[in-house]
Amino acid sequence: INCLIHFFKRNLTNMNLSKAKADQAKVDQAKAHLAKAKRELAKAEAKFASSEFEFARKGVEVAKRIEVLEKELELKKELIAQVKADQNKTDLVKVDEVKVSKNGREKICWKCASFQKLYRCAGCKVAWYCGDSCQEEDWHRHSGWCVLRERKRKEKRDGQDQKEI
């Protein structure tokens with residue numbers, strides 16, 4: 001009987017050791033999964049933090065751009081007010097000061113509305129400018145019409161030359 005008891009104790013101890021080893025392996029595996037999950041969580045938090053930082057940075061850029069646009073809008077409003085004030089001043093000009101060209105059009109600078117010494121645009125022969133600087137500044141607005149007018153005049157001249165031949 002003692003042998004049997006000893007045998008069962010030994011087998012039971014071996015079974016407990018095997019079970020303990022298996023349990024220890026499961027604990028180690030669970031610890032490994034937990035460590036992996038912590039690493040993934042840290043990566044996700046870092047990614048979120050960088051995304052949050054990027055979002056905040058873009059928000060600051062947008063706010064700065066809005067501020068610049070608001071300043072530009074304010075400057076444009078001031079410019080419009082100034083132009084309106086200048087228009088009111090030019091409306092009050094005496095009729096004697098306005099020079100009239102041969103075709104009955106008023107001779108004023110198309111850029112600054114000056115009545116000083118004026119020069120006619122060599123292209124269209126209609127626009128008047130007080131100098132090269134006004135003509136150059138107004139060219140972006142005037143160029144399309146001027147080139148078209150000059151082309152029509154040239155076609156008309158070429159048509160008359162062909163009729164004479």
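For clarity, every value in this text was computed on a predicted model and none was experimentally measured.

Here the distance between the centres and the angle between the planes together describe a pair of aromatic rings. In total, this model carries one aromatic pair according to the counting rule given. Pairing tryptophan 110 with tryptophan 145 gives two aromatic rings, centres 6.2 Å apart and planes at 40°, and the pair type is tilted. Taken together, the residues span a long stretch of sequence, with tryptophan 110 in the loop between strand S2 (106–107) and strand S3 (119–120) and tryptophan 145 in helix H2 (residues 132–164) at a distance of 35 residues.

This brings us to the nonpolar core. Most often, soluble globular proteins have nonpolar side chains that are buried together. With 10 residues, the main nonpolar core is built from Cys109, Leu118, Cys121, Cys124, Val126, Ala127, Trp128, Tyr129, Cys134 and Cys146. Broken down by secondary-structure element, the contributors of at least two residues to this core are strand S4 (128–129) and H2. Ignoring sequence-local partners within four residues, the contact set of cysteine 134 consists of Cys109, Lys111, Cys112 and Tyr129.

Now for the confidence of the model for the protein chain. Low-pLDDT stretches of the model should not have their predicted coordinates read in fine detail. For the protein chain, the average pLDDT comes to 77, and 74% of its residues sit at 70 or higher. Taken as a whole, residues 90–98 scores under 50 in pLDDT and shows six contacts with residues more than four places along the chain or in a different chain.

The next thing to look at is the environment of arginine 153. Among the secondary structure elements, arginine 153 is positioned in helix H2. Judged by relative accessible area, which is 24%, arginine 153 ranks as partly exposed. Separated by 29 residues in the primary sequence, arginine 153 and cysteine 124 place their C-alpha atoms 8.3 Å from one another.

Rules and cut-offs
Residues numbered from 1 in each chain as written. Predicted model: local features only at pLDDT ≥ 70, side-chain atom pairs only at ≥ 80, totals over all residues. Heavy atoms only, no water. Phe/Tyr/Trp six-rings, centres within 6.5 Å; stacked < 30°, edge-to-face > 60°. Helix = DSSP H or I, 4+ residues; strand = E, 2+ residues; numbered from the N terminus. Core = buried A, V, L, I, M, F, W, Y, C linked by side-chain atoms within 4.5 Å. Buried < 20%, exposed > 50% of the residue type's maximum accessible area, 1.4 Å probe, protein only. Contact = heavy atoms within 4.5 Å. pLDDT = per-residue confidence, 0-100.

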